[in-house]
Amino acid sequence: MRRHRASRTVSDVGEQIQPVRGMNDVLPEAIGAWQYFECRTRELLGAYGYEEIRVPLLEHTELFQRAIGEHTDVVGKEMYTFIDRGGDSLTLRPEATAGIVRALISNGMLRGQRHKLWCLGPMFRHEAPQAGRYRQFWQVDVEAIGCPGPDVDAELIAMSARLWDRLGIAGLRLQLNSLGTPESRRLYRARLVDYLKAHEAQLDSDSRRRLTGNPLRVLDSKNPDMQELIRGAPLLTEHLDAESQAHFAELCATLRAVGVPYEINPRLVRGLDYYNRTVFEWITASTGAQNAVCSGGRYDGLIAQLGGDATPAIGFAMGVERLVALLVAAGRTPAAAAPDVYVVVGGPHSFTPALQLIERLRTERPAVRFELNVGGGALKAQFRRADRSGARLALILGEDEIARGVVALKPLRGSGGQSECPMAQLPAGLDAALAAAGPGA
Ligand code: ATP
Ligand code: MG
């Protein structure tokens, strides 16, 4: 039975409202690692010729049902689906590929054209929240549309390998597999079902459910008690058609030639139905059970399935929370930049002239970070705030300075005494004082 929380009433006003389970706030103290990740990723994708695309968080439910497949965990039990006020069934996107493909079709962008795209944003799945697994989580999604591979597959994977390098994340392992064509998969599926049925007593309840709908997913079970059975299952790789075999062999040879190490994992099947041929996953030993940080594969049939011109494509998605956790573990958490200059305001009548002056200096020196003291306070308190801010220099403007047409400048780190600079000599005088004050905190 599903529990329904009674809706809040007006009498609850003033009570704290809890966050939704599995949905996280990313606080300013943590944002450095996120921005570092996003910046490096954006740069690298741009350097490989990928362009950003932004698609809606909400789509018609049918899009995901058709794209991902009715028998997948995502569609079967993880989607946030609701009827909107107009009576349409809408779903918060659980992944980005379906929406991107829908956008290409809706905007008439296929017709034999190629696209290299990426998209960053939150995804939503009603899963059991735990470390590394959330109900709202972020992905960077990367798609190469219009090429059958395996050349594009190899470049895409090489790019992901370079990204780990740029980010400074070590210890990720690449697992590869080929799912073949839908036809060879059907043949394999029949063999697998025979095997699983012969061992039905050993199947857990999840696997029993998957046996009829999505038997390949049994291979993906995370239940330790199932592993021996899975090890004995027939292998997909042994049932590939000749063309898929050649495709896979060429991908592997190219990866070896460019020095990207990989492991073939014949049990890697991926959770979504639309994949064919190349599938891959980057895994780490260090995030416990949630060890996949980047997963993807080829989906040559999806675009036609969604009503577009038949177009081959491959893509992957990275789990941002899991990668950020690795960055934090590796100590790659740049702190927010401190201001360069803290502006101490001497007395209430000095605030407007101080704001005028600093606004002017911000125009003339857009790269300098100023923090203007707001909310008043005695000079001593303002200097305490200046110290705490991490600024290198205090600029002091009181009624006396204003009357004399000067500002006082005081280095906040190291030695060096307070000096004065005529306002007419700003911003050059400020440049000199900042240079003399040395680097920031
Ligand atoms: P898993 O096997 O961990 O459930 P998945 O196969 O469902 O992953 P994809 O749908 O391929 O994952 O998503 C790509 C990446 O997004 C994953 O490799 C993972 O890093 C991340 N991811 C998936 N689900 C979650 C989640 N609920 N919370 C955080 N990250 C997730
Ligand atoms: Mg999953």
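Residues numbered from 1 in each chain as written. Chains lettered and ligands numbered in written order. Predicted model: local features only at pLDDT ≥ 70, side-chain atom pairs only at ≥ 80, totals over all residues. Heavy atoms only, no water.

A.B. asks: Pulling in residues and values, what's your account of the nonpolar core?
C.D. replies: Generally speaking, nonpolar side chains in soluble globular proteins are found buried as a group. By size, the foremost hydrophobic cluster in this structure holds 47 residues, and its most contacted members are I100 and L196. Secondary structure elements with two or more residues in this core: α2 (61-68), α3 (73-78), α4 (97-106), β5 (115-124), β6 (136-145), α6 (182-198), α8 (227-231) and α10 (302-305). Discounting residues that sit within four places of it in the chain, I100 has contacts with I53, V55, L117, C119, D141 and E143. One finds L172, F280, F316 and V320 within the second-largest nonpolar core, a separate group that totals 43 residues. (Core = buried A, V, L, I, M, F, W, Y, C linked by side-chain atoms within 4.5 Å. Buried < 20%, exposed > 50% of the residue type's maximum accessible area, 1.4 Å probe, protein only. Helix = DSSP H or I, 4+ residues; strand = E, 2+ residues; numbered from the N terminus. Contact = heavy atoms within 4.5 Å.)

A.B. asks: For empty space enclosed by the protein, give the residues involved together with the corresponding values.
C.D. replies: In total, this model carries one cavity of 30 Å³ or more according to the counting rule given. Estimated volume of the largest cavity: approximately 40 Å³. Those elements that place two or more of their residues in the lining of the largest cavity are α1 (28-47) and β5. Looking at the lining of the largest cavity residue by residue, the class counts come to four nonpolar, one polar and two charged. (1 Å grid on protein atoms, 1.4 Å probe; cavity = no way out; pocket = protein on both sides within 12 Å on 5 of 7 lines; lining within 4 Å. Points joined across faces, edges and corners; volume = space filled by probe spheres on them. Nonpolar A, V, L, I, M, F, W, Y, C, P; charged D, E, K, R; others polar.)

A.B. asks: Could you give an account of a nonpolar patch on the surface, with specific residues and numbers?
C.D. replies: A cluster of nonpolar side chains, namely L57, L58 and F82, defines an oily patch on the protein surface of about 230 Å² accessible area. The topology assignment puts L57 in the loop between β1 (51-52) and β2 (58-60). (Patch = residues over 30% accessible without salt bridge, like charges linked within 9 Å, V, L, I, M, F, W, Y side chains within 5 Å. Areas by Shrake-Rupley, 256 points an atom, 1.4 Å probe, with all protein chains shown as cover. Salt bridge = Lys/Arg side-chain N within 4 Å of Asp/Glu carboxyl O.)

A.B. asks: So, helix α9 (residues 242-257): which residues are in play, and what are the values?
C.D. replies: Over its 16 residues, α9 runs 22 Å from end to end, which matches the ideal 22 Å to within 8%, given 1.5 Å per residue. When we look at burial in α9, the residues that qualify are S244, H247, F248, L251, C252 and L255. End-on view of α9: buried residues confined to an arc of 130°, all on one side of the axis. What points out from α9, more than 90 degrees from its buried face, is the exposed set A242, E243, R256 and A257. (Expected span 1.5 Å × (residues − 1). Arc of directions from axis to C-beta.)

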